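Fold and contact review
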Amino acid sequence: MLSKGLPMFGDVKNTDKSIEQYIKPAFKPITELNITPFEEIEVEDGSPMYPELNTEETLRLLEYKRKKRAMGRVDEMYILDSEVLLRAPRDFFDKYESIVKELIEYIQDGLSSSGKSGLIERLKKDPTNKENKERAFTSIYAEYMQYNSSSKSIEYSKLDLTGKSICLTMAFNEICGLSVLEPLFNDKRIREIMCNGPHDIQVEIKGHLYKVPSCKFRDEAHLMALIDKLYASVNRVISRTSPYGNANLSDNSRVFAVHQAVAPQGPNLNIRSHSEDWISPDQLLEWETASEEVLEWLGQRIYAGMSFIVNGGTSTGKTTLLSALCGYLPNNKRIVTIEKYIELKMPKGKLVAAPMETIPRKSIADTSIEITLRDLVVCTTQMRPDVIVLGETTGSEAYDLAQAANTGHQAATTVHSNSSKEGITRLMSLISQSELIKGKEALELLSAGMDIIVTVKRFAQDGSRKIVDISELGTEVLATEAGVLYLPVIPIWKFVQEKTANPRDPVQGTWEKVGDLSESRSEKLGLKYIELK
């Protein structure tokens, strides 16, 4: 049944016809359609694609989804979801393109004449706003599902109900959403969407990459139109004079685009989604990111004031882990977060100041003010913080964070590298970029300010993410036989992986404790006379 107060526009509310005549609640279970349920699909070892359905099977799946959704509200009748796109034939949607193009023009004219253009304008400014999307889709679906054109140039009226639903959702995605990417964007299982030109779309699901053959843009201009729409919503632009850049959408998704001026085979677009909710240590335990003993050990020492670094390669879950570990901070400590683009989620109940982010230059020619991470770290020290959380250390701000950690502040950050040893080396080089200290002084500053480094890894064989190493930063700078200075890392916890017969088997292993904090570090944190596990 339709929900009461269904928003509509045009003449639909004055007609005797009701969309309810199109609703057929009875439908067969999907197993009776000879289609494997999505959650039961087994992807072949090493395959970059889900098993493809043929055209007839895809239509049966869409019909099933339409009838199933018809039992709910109209705004739930969105049948083009990621499952369809991942399994449909490459050319499945091509036959609808000309119909959708004319339907878009007709709908836009109807929206303008019915006073709904304001809603569409709001969606242009905020293309990820769920509430506005639901209102727009409900209105469009209610109006045009019944639409029968007298014009022979529009073939929409000749389609069956499933065909109309397909065309309506495609038109809606173009007008109000993220074009062909909208179904993928709505799926919370998909962590990242990657467009390598207009015809090659890939997604990351549970740590694995898959191609989406049926999802493609018409051409480079079609993809650039979406890029322009996304960046315009945050008052940014991607052009020949500013050919690439990051942006954060209102739902906290991070976008990175490359103009075709530097990508001759077509523009590139990456959209990385982040959880809307804080990820707790309990969820890390459920995902087997670490054992209960490891998390308890970390939690007790973070609560006591230990400064820490989360280290790992690209897409290993560093930001998620950093956010989760902040849950161990005392509720009565004032926390200030700094990021290039706001992503961190802090747990409820903490004394968190308003998060701060950088102000980048909009283009190479832009002469307006630029606020860097280093500027913000310096600014933060004047805000009476107990804890400074820097989302990611990528430059000379490493010096100012280490200084803050040496002046009574607890500090936490992430850094990109593949091992604990490499992470410390990278941080030393970043501190040296400040040109204030280098070499031995930089290592000594880092050792005095930060206490441990936690390395997380994403395993290729099953996509899982696990803490693989927890090490203490050494307290004394050493030198190799060649005279190269380095700061040793002393292992405390190690993940020992078990051997498996199949490279696609889930990663199994145990966390072994191989050391503990040094006496000097424990005394610094006030843990010397407290018996901890």
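In this text, all values refer to a predicted model and were calculated from it rather than measured experimentally. (Residues numbered from 1 in each chain as written. Predicted model: local features only at pLDDT ≥ 70, side-chain atom pairs only at ≥ 80, totals over all residues. Heavy atoms only, no water.)

1. Considerations on the packing of aromatic side chains
Enumeration according to the criterion identifies 5 aromatic pairs in this entry. Taken together, a centroid distance of 4.8 Å and an interplanar angle of 50° make the contact between F495 and W511 tilted. With a gap of 16 residues between them, F495 in strand 17 (residues 489-497) and W511 in strand 18 (residues 509-513) connect regions that are remote in the sequence. Side by side, F495 and W511 carry an identical accessibility label, which is buried. Among the aromatic residues, those joined into a cluster by ring pairs are F92, F93 and Y96. Stacked on the ring of F92, the Lys or Arg K95 has its end atom at 5.2 Å from the ring centre. (Phe/Tyr/Trp six-rings, centres within 6.5 Å; stacked < 30°, edge-to-face > 60°. Helix = DSSP H or I, 4+ residues; strand = E, 2+ residues; numbered from the N terminus. Buried < 20%, exposed > 50% of the residue type's maximum accessible area, 1.4 Å probe, protein only. Lys NZ or Arg CZ within 6 Å of the ring centre and 35° of its normal.)

2. Observations concerning the side chain of S253
As for its placement among the helices and strands, S253 is situated in the loop between strand 4 (244-248) and strand 5 (254-258). When sequence neighbours within four positions are dropped, the list of residues in contact with S253 reads F185, A247, N248, I271, R272 and S273. (Contact = heavy atoms within 4.5 Å.)

3. Remarks on the sheet that holds strand 6 (residues 268-272)
One open sheet holds the 6 strands; their spatial order is 3-2-1-6-5-4, and the pairing between them is antiparallel. Looking at the sheet topology across the chains shown, the edges are occupied by strand 3 (208-211) and strand 4. With strand direction ignored, the average angle separating the axes of adjacent strands in the sheet is 15°. Direction of pairing for strand 2 (residues 201-205) relative to strand 3: antiparallel, over a ladder of 4 bridges. (Pairing = 2+ DSSP bridges. Axes fitted to C-alpha atoms, helices over the stretch in contact; angles between N-to-C directions.)

4. Quick word on the nonpolar core
In terms of nonpolar packing, the biggest core is built from 64 residues, with F93, L181, L184 and L269 touching the most fellow members. At 8 residues, the largest contribution of residues to this core is made by helix 6 (residues 161-176). If we skip the residues at most four places from it in the chain, L181 touches I193, C195, I201, C215, F217, L226, L269 and I271. L284, V294, F308 and L322 belong to the second largest nonpolar core, which has 38 residues in total. (Core = buried A, V, L, I, M, F, W, Y, C linked by side-chain atoms within 4.5 Å.)

5. Here we look at the layout of surface pockets
Its volume calculated, the second largest pocket comes out at about 660 Å³. Taken together, 29 residues line the second largest pocket, and the ones lying closest to its centre are I104, M170, E174, R218 and H222. Secondary structure elements with two or more residues in the lining of the second largest pocket: helix 3 (97-113), helix 4 (117-125), helix 6 and helix 8 (220-232). For the lining of the second largest pocket, the element with the most residues is helix 3, which contributes 7 residues. A class-by-class count of the residues in the lining of the second largest pocket yields 13 nonpolar, 7 polar and 9 charged. (1 Å grid on protein atoms, 1.4 Å probe; cavity = no way out; pocket = protein on both sides within 12 Å on 5 of 7 lines; lining within 4 Å. Points joined across faces, edges and corners; volume = space filled by probe spheres on them. Nonpolar A, V, L, I, M, F, W, Y, C, P; charged D, E, K, R; others polar.)

6. Focus on helix 10 (residues 292-304)
The end-to-end C-alpha distance of helix 10, which contains 13 residues, comes to 18 Å, matching closely the 18 Å that a straight helix rising 1.5 Å per residue would cover. Looking at the residues trailing helix 10, positive phi occurs at G305, about 115°. (Expected span 1.5 Å × (residues − 1).)

7. Considerations on the confidence of the model for the protein
The predicted model of the protein averages 84 in pLDDT, with 84% of residues at 70 or higher. Here residues 1-28 is modelled with pLDDT under 50, and outside its nearest four sequence neighbours on either side it reaches 55 contacts, counting other chains as well. Contacts from residues 72-76, a stretch scored under 50 in pLDDT, to residues over four places away or in other chains number 15 contacts. (pLDDT = per-residue confidence, 0-100.)

8. What about the pattern of salt bridges?
Taken as a whole and judged by the stated rule, the model has 18 salt bridges. The closest approach of N and O atoms between E343 and R254, which form a salt bridge, is 2.5 Å. Separated by 89 residues along the polypeptide, E343 in the loop between strand 8 (334-339) and strand 9 (351-352) and R254 in strand 5 bring together distant segments of the chain. Under the relative-accessibility criterion, R254 is labelled partly exposed at 24%. Put simply, E472 and R521 hold a salt bridge, and the shortest N to O gap is 3.1 Å. With E472 in strand 14 (residues 465-473) and R521 in helix 16 (residues 519-525), this residue pair connects regions lying 49 residues apart in the sequence. (Salt bridge = Lys/Arg side-chain N within 4 Å of Asp/Glu carboxyl O.)

9. Brief notes about the packing of helix 3 against helix 6
Close contact between helix 3 and helix 6 brings their axes to 9 Å; oriented N to C, the two are set at 60°. Seen from above, helix 3 lies across helix 6 with right-handed handedness. Packed against helix 3, whose contacting residues are I99, V100, L103, I104, I107, Q108 and L111, the element helix 6 presents C167, L168, M170, A171, E174 and I175 at the interface. Each residue belonging to the contact of helix 3 with helix 6 can be placed in one class, and the counts come to 11 nonpolar, 1 polar and 1 charged. (Left-handed = near helix turned anticlockwise from the far one by under 90°.)

10. Things to note about the pairing of strand 17
Here 5 bridges tie strand 14 to strand 17, and the two strands are oriented antiparallel to one another. Bridge pairing in strand 17 places L473 opposite V489. With 5 bridges connecting them, strand 17 and strand 18 associate as antiparallel partners. Counted as the bridge partner of V496 is T510 from strand 18.

11. Observations concerning a negative patch on the surface
A cluster of acidic side chains, namely D282, E286, E292 and E293, defines a negative patch on the protein surface. For the negative patch, the secondary structure elements donating two or more residues are helix 9 (281-286) and helix 10. (Patch = residues over 30% accessible without salt bridge, like charges linked within 9 Å, V, L, I, M, F, W, Y side chains within 5 Å. Areas by Shrake-Rupley, 256 points an atom, 1.4 Å probe, with all protein chains shown as cover. Lys, Arg positive; Asp, Glu negative; His and termini not counted. Charge placed at Lys NZ, Arg CZ, Asp CG, Glu CD.)

12. A few points about the pairing of strand 6
By the bridge criterion, 5 bridges tie strand 1 (residues 190-196) to strand 6 in an arrangement that is antiparallel. Across the sheet, the residue bridging to C195 is L269, located in strand 6. Relative to strand 6, strand 5 is paired through 5 bridges, and the arrangement is antiparallel. Each bridged residue has a counterpart across the sheet, and for F256 the counterpart in strand 6 is N270.

13. Focus: unusual backbone geometry
Unlike most non-glycine residues, K206 shows phi in positive territory, near 55°. According to the relative accessible area criterion, K206 is exposed, its value standing at 66%. With a phi close to 60°, S315 is a non-glycine residue in the positive phi region. Assignment of secondary structure puts S315 in the loop between strand 7 (308-312) and helix 11 (318-325).

14. Considering the packing of helix 5 (residues 130-144) against helix 6
Across the interface, helix 5 lies against helix 6 with an axial gap of 10 Å and an inter-helix angle of 140°. Overall, the two elements helix 5 and helix 6 adopt an arrangement that is oblique. As helix 5 packs across helix 6, the resulting crossing turns out to be right-handed. Contact residues: helix 5 offers K133, A136, F137, I140, Y141 and Y144, while helix 6 offers S165, L168, T169, F172 and C176. Considered class by class, the residues forming the contact of helix 5 with helix 6 number 8 nonpolar, 2 polar and 1 charged. (Parallel < 35°, antiparallel > 145°, perpendicular 65-115°, else oblique.)

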